[in-house]
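# Remarks on the overall topology
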Protein chains: 4
Amino acid sequence: MPCQSSDELKILVEEARICTKNGKVANYIPALGKAKANDLSIAIHYPDGRCLSAGNIEKKITLQSISKVISLALVLMDRGLDDVFGHVGMEPTGDPFNSIVKLETMAPTKPLNPLINAGALVVTNMIKGNTVEERFLRLLSFIREMTNDSTIGYCEEVARSEFETSHLNRALCYFLKQHNMMAENTDVEQLMDLYTKQCAIEMNCLDLARIGLVFAMDGVDPLSGKQIIPTDVARICKTFMVTCGMYNASGEFAIKIGIPAKSGVSGGIMGAVPGKFGIGIFGPALDEKGNSIAGIKLLELLSKNYQLSMF
Amino acid sequence: MPCQSSDELKILVEEARICTKNGKVANYIPALGKAKANDLSIAIHYPDGRCLSAGNIEKKITLQSISKVISLALVLMDRGLDDVFGHVGMEPTGDPFNSIVKLETMAPTKPLNPLINAGALVVTNMIKGNTVEERFLRLLSFIREMTNDSTIGYCEEVARSEFETSHLNRALCYFLKQHNMMAENTDVEQLMDLYTKQCAIEMNCLDLARIGLVFAMDGVDPLSGKQIIPTDVARICKTFMVTCGMYNASGEFAIKIGIPAKSGVSGGIMGAVPGKFGIGIFGPALDEKGNSIAGIKLLELLSKNYQLSMF
Amino acid sequence: MPCQSSDELKILVEEARICTKNGKVANYIPALGKAKANDLSIAIHYPDGRCLSAGNIEKKITLQSISKVISLALVLMDRGLDDVFGHVGMEPTGDPFNSIVKLETMAPTKPLNPLINAGALVVTNMIKGNTVEERFLRLLSFIREMTNDSTIGYCEEVARSEFETSHLNRALCYFLKQHNMMAENTDVEQLMDLYTKQCAIEMNCLDLARIGLVFAMDGVDPLSGKQIIPTDVARICKTFMVTCGMYNASGEFAIKIGIPAKSGVSGGIMGAVPGKFGIGIFGPALDEKGNSIAGIKLLELLSKNYQLSMF
Amino acid sequence: MPCQSSDELKILVEEARICTKNGKVANYIPALGKAKANDLSIAIHYPDGRCLSAGNIEKKITLQSISKVISLALVLMDRGLDDVFGHVGMEPTGDPFNSIVKLETMAPTKPLNPLINAGALVVTNMIKGNTVEERFLRLLSFIREMTNDSTIGYCEEVARSEFETSHLNRALCYFLKQHNMMAENTDVEQLMDLYTKQCAIEMNCLDLARIGLVFAMDGVDPLSGKQIIPTDVARICKTFMVTCGMYNASGEFAIKIGIPAKSGVSGGIMGAVPGKFGIGIFGPALDEKGNSIAGIKLLELLSKNYQLSMF
């Protein structure tokens, strides 16, 4: 078994923490900007229920882009592959996560994949339900089921703050609406409401690791034995985590680390080592691509020490 | 004097009308789609008050992009050159009028010129006034003064139709807002309300020719002798009409015709032959760049027959 | 064991062959254009020496882009990771394989990955040796060692034909040279000589499967027990095959098939099922992205029938 | 008459010279790098033969991009408008002069105009003649005729230096050749030989002003009365000088100065005030767009003082 004690983890965390000084906490949202730059914590969740951890794993963080892979799973279950991939592609892109260029230069105007903002907005817009509240509750229930934690909610302050400032996402929505990549009756403000709440769902590293575990076990919650996500959907999500999970640093991450993972600008990373365990990391200092700088270092140390790369 | 009789004009109109069959009426707005594809009319307005015309010059058309050059004049008068050109550039672009790409790929994110959509939205947003109504009335008063026609208004149906469908312009607005090219308190929906009303201002070819005349005479209304637009502002507007007035066909238009002009997707063209006369054209069949196909042909015939090119 | 008999393979080949009618043989090189559109053959090479096959596996094909992953392995061995990845990136790109755009729009001007043309040219230029002949022979020796076939050579007709026509690759070379991504003394014509010979190396499907086997076994030739490629280099190559091996259809390939693989415009595909076996496919009818249309279908059938996806 | 004495010019030159401290001499070619950053000189050539000047107008400078408008005139005379504009467009572009992006993103692959590098290379490639020498001599003879100076030649050192280093232009050539925008039998090295010699043609400011005069007089040499360039060709050239003559600062130049002009990275500017006079300027300190920083300032002062803007 790869890592046997929290003490081993603690040593790796201290080694990785050094590079937090080269990163920066996201400051475009006040609530995110309050994070301590040199924070770093990790939880590992095994199928047999054992958890290892290091750092303050009780701290709650918002999912931000990590939520994209969860909403993708839900929507693939809701709508089926053909419908979803008729509206969003499967290809990685060398562009920044919030780029709008390819929506204009490529025909048809279809987001290249569901983990860049344009694609994630299309996916969230496909969550079934009659109202924003109903759709959001379906996503939340899905997450509560994966984490087996019915107390999970969202941070209103972060959601409101992002709702007020994410003009770039509004630009993407209207561009996509113009090109019929969103349902004609899409109300962009309602979608922004839903999307910013989704991004503001908060949990601690243990919960995050538990979600990673469900993906690692092909959609089965190993503790209850329940198949929460169909196998093919779980695998598709893991594949996207490999090819597009770390924004436009995904290729390097695959080479150096080789673990399906998804990061968020809050500094969170959710990882899924296939068949083995789930990982939840929080390290708010980001590199220039928007990934947790110490979180990536920590995953690199883990991958090398315990030979976790898929490749 | 270049053209002495309406009969001469009529011959040119008939020759130019032939190419309407190679064009298409804009159909993205129902009200525009109702236009007759083979319509073509022209009015020429001399400084001494004489008007020549051919075709049905009583028909009212909406200004659409022609309005961009008028709002530019008003805003330059309102704000001064430094303020305006701090928010919008002076360079022609080889891209389509509604392109968003350069806003992302060029730093800083500043629309290349005031006659592409991104730039025109920035300009309209700078019209002074406390409410949409107040700002719109200021623009309308300015136009009424230029045309000496206090009955000029806007077409509600066209304005509403464009308001409901111009998601691409909303995308541009939010993108620009994100990059601080619009005042922080800009309400995009209010700006869209103002902009779509501006585009829906309607008049006939004679009025259009009269506006062209004011620009041709460096801002002076030759009939009243009043300087409606300062000379430098009128010249700046004419320069933009040469370098950017015909979307991404402006270069070819300068080479072949050489008259400062601005077109709109309604099929209108407003022309200003410096020191000589103003031109108003209506020909709703458009070429693939969005310019009146017969209108351009007619201007080419006029320019060649009467040697009107500035170059 | 996944597939036990050539008869099983033959059934899959016939099913996959149907879609050759939707593809097109590459015709920009006369020698490639002579291929029969409905050809399809496959060889599978197990670590224990057993081979399964279907179709005419004796037919020789040129490697084309398949060679990129082999030259990458050689250059990583020659130069080390730091040197190589100082000149070429690790990121997949949503652009076509021969695109030049990102070389200009991204700073610094570094090809995004070694499997697009720009990156492959940089890599081939790093093969050690004093002359084109010496460098080419080193690559050829490496390939002969991997295939255990000392008769492998290249097709002069194809090499010459590509040398004469690949102006786009010359454009990429000069662009890269201008931006110091190639050694200052690089002679572009010599590089083109080397690169077109590399692309024209020819072998049959069995040889191709044997190369795939070496990658599948982490660089070890299981028959001789020799480590031909260091483990980390072999894994890096497989990772690139997953993230970038199928041009800008790599993401979809990863989702649907999940086997590290590299295609070429000759219609060849080399696949490496980690720890299990190597695959060589020839199917010259290409889809619009430049991949063997029936070859991909065949791999999809294999992957689904025998659950070969890594994900 | 606009400017009556060299003394007036001298005052303007001293005022403009101040901004040389904000510019930089081009240093990518050693021969250009030797220029003195605070040099500034101007010659004005009137149709009646009178010349005004200020600064050291005997200093020889190489034409660089100024030559593009002269080769355009020659090729339009050689081939006619239809042939030339079948291979190069008429549209200004917001991109840098050496950009390759639009060649890929716009279909068909046609340089947007003849004054960006891609377009100029296409134009030079259309100069008639059997050998590089013959073609170059035709261009040189044309220039000697315009300047009435049979001693004009080219600087071998600059030509050789540019030949050895202009890999970006080679990239453009091969890209264009790939897309059939250059004759199939085009030898890129020969074209580079011809093009770098063209750019290295050298003359002093007086000669430059004399060329400007011929364009200003619609192609007629007012001293001999000879029509050296047909009127329409001269006008087309002047139009391009307005819309594209100052790289991607042409729009601002048209607004602020309004004189047809063409600059080169040597720091030269050739101007043509329609019907009035020709201008030759040398000021090697460049702004970030590659135009003579003090040369532009000087033209701005001239245009304002003597109201020379066309607009």
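About the thresholds
- Residues numbered from 1 in each chain as written.
- Chains lettered and ligands numbered in written order.
- Predicted model: local features only at pLDDT ≥ 70, side-chain atom pairs only at ≥ 80, totals over all residues.
- Helix = DSSP H or I, 4+ residues; strand = E, 2+ residues; numbered from the N terminus.
- Rg over C-alpha atoms; globule rule 2.2 N^0.38 Å.
- Buried ≥ 20, exposed ≤ 12 C-beta atoms within 10 Å, placed from the backbone.
- Pairing = 2+ DSSP bridges.
- Axes fitted to C-alpha atoms, helices over the stretch in contact; angles between N-to-C directions.
- Contact = placed C-beta atoms within 7 Å.
- Domains from an automatic or database assignment.
- Nonpolar A, V, L, I, M, F, W, Y, C, P; charged D, E, K, R; others polar.
- Expected span 1.5 Å × (residues − 1).
- Least-squares fit on C-alpha atoms with pLDDT ≥ 70 in both.
- Left-handed = near helix turned anticlockwise from the far one by under 90°.
- Parallel < 35°, antiparallel > 145°, perpendicular 65-115°, else oblique.
- pLDDT = per-residue confidence, 0-100.

### Here's the deal with the overall build of chain A
- In terms of helices and strands, chain A carries 14 helices and 12 strands.
- Over its C-alpha trace chain A gives a radius of gyration of 18 Å, about what one expects of a compact globule, namely 19 Å for 311 residues.
- Once the C-alpha set of chain A is aligned to its principal axes, its extents read approximately 55 × 40 × 35 Å.
- Scored against the burial criterion, the 311 residues of chain A give a buried share of 60%.

### Quick look at the sheet that holds strand E2 (residues 41-45) of chain D
Residues and elements named next belong to chain D.
- Across the sheet, 5 strands lie side by side as E3-E2-E11-E10-E9; this open sheet has antiparallel pairing. A strand with exactly one partner marks an edge of an open sheet, and here the two such strands are strand E3 (51-54) and strand E9 (261-263). For this sheet the average axis-to-axis angle between neighbouring strands, irrespective of direction, equals 10 degrees.
- Strand direction decides the pairing type here: strand E10 (residues 268-273) and strand E11 (residues 277-282), joined by 6 bridges, are antiparallel. Its bridge partner lying in E11, Gly268 is registered against Phe282.
- Each of E2, E3, E10 and E11 touches helix H11 (residues 205-216); the most contacted strand, E11, lies at about 145 degrees to it.

### Comments concerning the domain arrangement of chain A
All names here are of chain A.
- As far as domains go, chain A holds domain 1 (6-61 + 204-306) and domain 2 (65-199).
- Counting from both sides, the interface comprises 29 residues of domain 1 and, opposite them, 28 residues of domain 2.
- Contributing elements (two or more residues each) for the side of domain 1 that touches domain 2: helix H2 (30-33), helix H11 (205-216), helix H12 (231-244), strand E9 (261-263) and strand E10 (268-273).
- Across the side of domain 1 that touches domain 2, the residue classes tally to 18 nonpolar, 8 polar and 3 charged.

### A closer look at helix H3 (residues 67-79) of chain D
Residues and elements named next belong to chain D.
- When the terminal C-alpha atoms of H3 are compared, their 18 Å separation across 13 residues agrees well with the 18 Å that a helix rising 1.5 Å per residue should span.
- With respect to burial, H3 is a largely interior element, 10 of its 13 residues being buried.
- Of the positions making up H3, those classed as buried are Ser67, Lys68, Val69, Ile70, Ser71, Leu72, Ala73, Leu74, Val75 and Leu76.
- Gly80 sits one or two residues past H3 and shows a positive phi near 85 degrees.

### Remarks on the interface of chain C and chain D
- Across the boundary between the two partners, chain C contributes 13 residues, which contact 13 residues of chain D.
- Every element with two or more residues in the side of chain C that touches chain D is listed here: helix H5 (101-105) and helix H9 (167-178) of chain C.
- Looking at the side of chain C that touches chain D, the element that brings in the most residues is H9(C), giving 8 residues.
- By residue class, the composition of the side of chain C that touches chain D is 6 nonpolar, 4 polar and 3 charged.

### A word on the sheet that holds strand E2 (residues 41-45) of chain B
Residues and elements named next belong to chain B.
- If you trace the 5 strands from one edge of the open sheet to the other, you get E3-E2-E11-E10-E9, paired in antiparallel fashion. Because the sheet does not close on itself, it has two edges, and the strands there are strand E3 (51-54) and strand E9 (261-263). In this sheet, adjacent strand axes meet at a mean angle of 10 degrees when their direction is disregarded.

### Brief notes about the pairing of strand E11 (residues 277-282) of chain B
All names here are of chain B.
- In terms of burial, E11 is a largely internal element, 6 of the 6 residues being buried.
- Alternating residues of E11 divide into Phe277, Ile279 and Ile281 and Gly278, Gly280 and Phe282, and every residue in both groups is buried.
- Summarising the sheet, E2 and E11 pair through 5 bridges and their orientation is antiparallel. Across the sheet, the residue bridging to Ala43 is Gly280, located in E11.
- Where strand E10 (residues 268-273) hands over to E11, the hairpin turn is made up of 3 residues, of which Gly275 adopts a positive phi near 75 degrees.

### Some points on the relation of the copies chain C and chain D
- Least-squares fitting of chain C to chain D yields an RMSD of 0.0 Å, with the transformation described by 0.0 Å of translation along the axis and a rotation of 180 degrees. With respect to symmetry, the two chain copies, as superposed, fit the operation of a two-fold axis. Rotation axis and chain C: the residue whose C-alpha lies nearest the axis is C:Ala171, separated from it by 1.9 Å.

### A closer look at the interface of chain A and chain C
- Residue-level contacts link 22 residues of chain A with 22 residues of chain C.
- Counting residues per element, the side of chain A that touches chain C draws most heavily on H12(A), which supplies 5 residues.
- Within the side of chain A that touches chain C, the residues separate by chemical class into 8 nonpolar, 9 polar and 5 charged.

### So, the packing of H3(D) against helix H12 (residues 231-244) of chain D
All names here are of chain D.
- Close contact between H3 and H12 brings their axes to 10 Å; oriented N to C, the two are set at 145 degrees. Of the two possible hands of crossing, H3 and H12 adopt the one that is right-handed. Only Val233, Ile236, Cys237, Phe240 and Met241 of H12 make contact with H3, whose side of the interface consists of Val69, Leu72, Ala73, Leu76 and Met77.
- Partitioning the contact of H3 with H12 into residue classes produces 10 nonpolar, no polar and no charged.

### A look at the relation of the copies chain A and chain C
- For the pair chain A and chain C, the best superposition has an RMSD of 0.0 Å and corresponds to a rotation of 180 degrees with a translation of 0.0 Å parallel to the axis.
- When you check the interface residues of chain A against chain C, 100% turn up at the interface there too, and the contact is symmetric in its surfaces.

### Some points on helix H9 (residues 167-178) of chain B
- The end-to-end C-alpha distance of H9(B), which contains 12 residues, comes to 16 Å, matching closely the 16 Å that a straight helix rising 1.5 Å per residue would cover.
- Counted residue by residue, H9(B) has 9 buried out of 12 residues, so it is predominantly covered.
- Every buried residue belonging to H9(B) is among B:Asn169, B:Arg170, B:Ala171, B:Leu172, B:Cys173, B:Tyr174, B:Phe175, B:Leu176 and B:Lys177, and all of these are buried.
- On its buried side, H9(B) packs onto helix H9 (167-178) of chain A together with helix H5 (101-105), helix H6 (117-124) and helix H10 (188-199) of chain B.
- At the exit of H9(B) stands B:Asn180, carrying a positive phi of roughly 60 degrees.

### Let's talk about unusual backbone geometry
- Even without glycine at this site, A:Tyr247 takes up a positive phi of about 55 degrees.
- Within the fold, A:Tyr247 resides in the loop between H12 and helix H13 (250-256).

### A word on the environment of D:Thr239
- Locating D:Thr239 in the fold gives a position in helix H12.
- D:Thr239 sits 56 residues away from D:Gly295 along the chain, and the two C-alpha atoms are 20 Å apart.

### What about the packing of helix H7 (residues 132-147) of chain D against helix H10 (residues 188-199) of chain D?
All names here are of chain D.
- For the pair H7 and H10, interaxial distance at closest approach is 10 Å and the crossing angle is 25 degrees. By the criterion of interaxial angle, the relationship of H7 to H10 is roughly parallel. The two elements H7 and H10 cross, and the hand of that crossing is right-handed. Counting all contacts with H7, which are made through Val132, Arg135, Phe136 and Leu139, the residues of H10 involved are Gln190, Asp193, Leu194, Lys197 and Gln198.
- Each residue belonging to the contact of H7 with H10 can be placed in one class, and the counts come to 4 nonpolar, 2 polar and 3 charged.

### Regarding the confidence of the model for chain A
- Looking at chain A as a whole, the pLDDT averages 94, with 99% of positions reaching at least 70.
- The ipTM value of the predicted complex is 0.93, and its pTM value is 0.93.

### A few points about the environment of D:Cys19
All names here are of chain D.
- Looking at where Cys19 falls in the secondary structure, it is placed in the loop between helix H1 (6-17) and strand E1 (24-25).
- The exposure class assigned to Cys19 is partly exposed, which follows from the 18 C-beta atoms found within 10 Å.
- When sequence neighbours within four positions are dropped, the list of residues in contact with Cys19 reads Ile293, Ala294 and Lys297.

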